[in-house]
Amino acid sequence: MRPPDASEDGHTGPAPHPDQPHTTNAPAAGTARKGTGRYVRPEHGTQHPGTEATPRPPDASEDGHTGPAPHPQQDRPRSTPHAPQPATRRKGTRRYVRPEHGSQHSGTAATPRPPDDSEDGHTGPAPHPPPQRRRSTNAPAVGSARALPGGHPHPMSSASWHARIVCGSEIGAGFLVSERHVLTCAHVVRGSNTHRAPSATPVTVSFPHREDLGTVTAAVTVHGGWDGHGDNLGDLAVLELAHTVPVRPAEFAAPEDAYADPRPRLLAYGFPKGYREGTLAEYRATAAQRIADEWVQLEAWSAHGQPLAPGFSGAAVTLADSNRVVGMVSAATRASSGVRNGRMLPTSVMARYWPALGDLIPTPGHQRAAKERLRALVDRAAADTTAARDPERLYRDAVGPLGPPVPPEGFNSLWSAAWYVLSEVDDPDAVTRLADRLAGLLDAPAAPAAPAPGEPPAWSPILIEIDHSGAGDDQLLVEVSAYREGLRHPVGSHTLAASNVRRYVQERVDDAFSHLTPGTDELLAFVLPRALLNWPVAHWECGADDPTPLGCSYPLVVTDRSRRKGGLRHQLARKWEDLDDRPTTVLHRVECGTREKPNKLRFRLRHDGVDLAGFAAPPRTDRTGPGPGPDGTATHGTAAHGTAVTHFDVTLTAPVPVLLWPRTGCEDTDHTSDTPCAGSDFLDRIAAHVDGHPPAELPRTILTLRESAEASDEPDKHWARDVQLLWDDPRCFPDAPATHRHSPVA
């Protein structure tokens, strides 16, 4: 806990060293400094109703008695070598906490512990004293703990792992979690030699129940990030002892055990002023809900017990019935109207800051083998910057679109995401999915290097599939997914009115970026039915707060849904493989109002091996029936079924790999006036930009043209503003389209 003269940072701070003189300007006992929210010192002289305030037993400093302390201005009675005080218990008082090895005052005999006292180190109400029994000759010695095979004390009876931390003039608590590691609060050792406090102040650790071990020096090896302010997160430090100690470490309960109904009694073992050997405080968790997703509020078990005070910071919070750890005391509030509150870091939060702790904390619902596998993969990924680069994406892959969202503060490491799945997600399969996803990243071939100048980019597509849902002319099915290393990851799927498609796409595209392969170029690909291929998707804004057109922010292409299946897909794959051997291509022009019959155009396209076709006018969409118009509203065509095949149709089915056209073409398609054909002008200009370029680079080339048009003085009149690019290399989309899960007719 924070010393009385500490800064008002919201922490309880370690208690001042007991050897320091008590200053006259210290606040009165049991009071708090004005403006603070923390205890200043423990309240002394507390007594139960109906009982007299009695002085502390002479041997209290050595036997861990939890009775009321004498008033700070009273002289504590001293024990004498000839008159040891008997260990008595008043009605309603708590049990004793005896040292494990029967420590005693120098020159006094060890007083036997009452035979009915449990040896579990708890302070709960004692049962009625049973009849006196003859002690068995096989019973453990007085003050010792019941032993497990191998010489370890039983975890419910041993309190040896409670530690007293001294850092300069400050004192706090801690607890042993391995043979060389002790956990405490970062503010307890704020003066130690860390990067936050470069001046070296020694840290020593002692174990009050094992005085034979003396004091052990320690160093801070892990710091949770606490920066000295009371409300700052990460108030945790891991101390590494100079040598191992022969003490069985603390054991942990499942985090949710602290919030059982009815609330269990919780114990904290701290070292407030006047209690060098330590004392106990009884509390309960107010609720399972965390404050700022970091702390759990504690409230006093009774109004007359030991309050949390300076010297309790870093104390383990344990279940009274099992002595297993569920948290660590980090702060306390001052008493107000008889209410005593505090805060603890629950173990589920502590493990975020020290991954090794996660191995010790039970996680019900998750198999041990799955947990150990995930932990091993996280350790492997620590040396793989690619695998650990985006923990939020990995988390979403594990929990799916319906799982708990990423916490507001995000994940600062891969382990924090893994531990969140283990401790916060109820779905046991989420651990397996996260481990499988991580293993796939670690075992996959190295990600492709960034393309050298002149080489085609390695695309990571985001696929936006839009089609008629079957639920009505105005209802469209929209599915968004992302590709990573050849695998498709669904991001969202919904059936909605045409007027709502744009907003939905904006939201899902943002989510999809977290799935893309690092080091590759993003590519937005709209898969549309033929009736919607002229939709102005390149003009849709990036988001509600970003009016930049999608087509000016990312390479953006459209593709015909019918070309993603069957024989057309196979033919396209073969054509794109042939294009790899031809670094450049030439635009084949389809003029506005051409008299060439579509069947002859098909023959010429196939015979000449055309790879890039440009149209002077946009494709006709009325032949395929109803569909949303450019503004997102539904339009209905007039042509009946069986309308003749158009020139645009034959280029799609020939199939020509790449098509270009202006969304708004020549207004005088019959060319009865002397006005120059706008479509021919478009073809002249676009040919100058695409002829001689590799087809794989065309999405980037068109992006540059769209950016130039948007930046011009009159963007609406720029010839390239409405350029539409149909581009669909099947090798970028290796799997077949997903089934329409939400379509009523699928």
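Remember, it's a predicted structure, so these values are computed and weren't measured experimentally.

1. Quick look at the overall build of the protein chain
Part 1: Along its length, the protein chain carries 13 helices and 26 strands.
Part 2: Buried residues in the protein chain amount to 50% of all 746 residues.
Part 3: Long-range pairs, those at least 24 residues apart, make up 71% of the contacts in the protein chain with a sequence separation of at least 6.
Part 4: Element-wise, carbon and sulfur atoms account for 51% of the exposed surface of the protein chain, whose accessible area totals about 33,900 Å².

2. Digging into the packing of helix α3 (residues 368-381) against helix α6 (residues 429-443)
Part 1: The N-to-C vectors of α3 and α6 enclose an angle of 30°; their axes lie 9 Å apart at closest approach. Crossing of α3 against α6: the hand is left-handed. Of the residues in α6, those touching α3 at A370, R373, L374, L377, V378, R380 and A381 are V431, T432, L434, A435, D436, L438, A439, L442 and D443.
Part 2: Taken together, the residues of the contact of α3 with α6 sort by class into 11 nonpolar, one polar and four charged.

3. Remarks on the side chain of R508
Part 1: Structurally, the position occupied by R508 is in helix α7 (residues 501-512).
Part 2: Under the relative-accessibility criterion, R508 is labelled buried at 19%.
Part 3: Setting aside residues no more than four positions away along its own chain, R508 makes contact with V480, V491 and G492.

4. What to know about the environment of S469
Part 1: One can find S469 in the loop between β14 (459-468) and β15 (475-484).
Part 2: The sequence separation of S469 and T495 amounts to 26 residues, and the corresponding C-alpha distance is 6.8 Å.
Part 3: At 3.0 Å, the side chain of S469 and the backbone oxygen of Q475 are in polar contact.

5. Concerning the confidence of the model for the protein chain
Part 1: Summing up the model confidence of the protein chain, the mean pLDDT is 74 and the portion of residues at 70 or higher is 68%.
Part 2: Of all helices and strands in the protein chain, the one with the weakest mean pLDDT is helix α1 (residues 60-63) (36), whereas strand β4 (residues 181-184) scores best (96).
Part 3: In this model residues 447-451 is a low-confidence stretch, pLDDT under 50, and it forms seven contacts with partners more than four residues away in sequence or in other chains.
Part 4: Confidence over residues 623-642 falls short of pLDDT 50; this stretch has 37 contacts with residues more than four positions distant or in other chains.

6. Brief notes about the packing of aromatic side chains
Centre distance and the angle of the planes are the two values used to describe a pair of aromatic rings.
Part 1: Enumeration over the complete set of coordinates arrives at 15 aromatic pairs.
Part 2: Centroid distance W459 to W727: 6.5 Å. Interplanar angle 75°. Geometry classified as edge-to-face. With W459 in strand β14 and W727 in strand β26 (residues 723-727), this residue pair connects regions lying 268 residues apart in the sequence. You'll find W459 and W727 in the same group, each marked buried.
Part 3: Three or more aromatic residues link up through ring pairs in this structure, and these residues are W161, F175 and F252.
Part 4: Across the ring face of W295, the terminal group of R343 is positioned such that the distance to the ring centre comes to 4.9 Å.
Part 5: For R375, the ring lying beneath its charged end belongs to W415, and the centroid distance is 5.0 Å.

7. Notes on the environment of L601
Part 1: For L601, the location among the structural elements is in helix α10 (residues 598-608).
Part 2: Distance from L601 to V590, taken between C-alpha atoms, is 9.1 Å for residues 11 residues apart in sequence.
Part 3: Excluding residues that lie within four positions of it along the chain, L601 makes contacts with H588, V590, E596, H647, V650 and T651.

8. Some words on unusual backbone geometry
Part 1: Cis geometry marks the peptide bond from D261 to P262, where omega comes out at 5°.
Part 2: Within the element layout of this structure, P262 appears in the loop between β7 (237-241) and β8 (266-270).
Part 3: The linkage connecting A654 with the following residue, P655, adopts the cis geometry, with an omega of -10°.
Part 4: You can see P655 is positioned in the loop between α11 (647-653) and β25 (658-662).
Part 5: Although it is not a glycine, D293 adopts a positive phi angle of roughly 55°.

Conventions we followed
Residues numbered from 1 in each chain as written. Predicted model: local features only at pLDDT ≥ 70, side-chain atom pairs only at ≥ 80, totals over all residues. Heavy atoms only, no water. Helix = DSSP H or I, 4+ residues; strand = E, 2+ residues; numbered from the N terminus. Buried < 20%, exposed > 50% of the residue type's maximum accessible area, 1.4 Å probe, protein only. Contact = heavy atoms within 4.5 Å. Areas by Shrake-Rupley, 256 points an atom, 1.4 Å probe, with all protein chains shown as cover. Axes fitted to C-alpha atoms, helices over the stretch in contact; angles between N-to-C directions. Left-handed = near helix turned anticlockwise from the far one by under 90°. Nonpolar A, V, L, I, M, F, W, Y, C, P; charged D, E, K, R; others polar. Polar contact = N/O pair within 3.5 Å; in protein donor to acceptor, adjacent residues only side chain to side chain. pLDDT = per-residue confidence, 0-100. Phe/Tyr/Trp six-rings, centres within 6.5 Å; stacked < 30°, edge-to-face > 60°. Lys NZ or Arg CZ within 6 Å of the ring centre and 35° of its normal.

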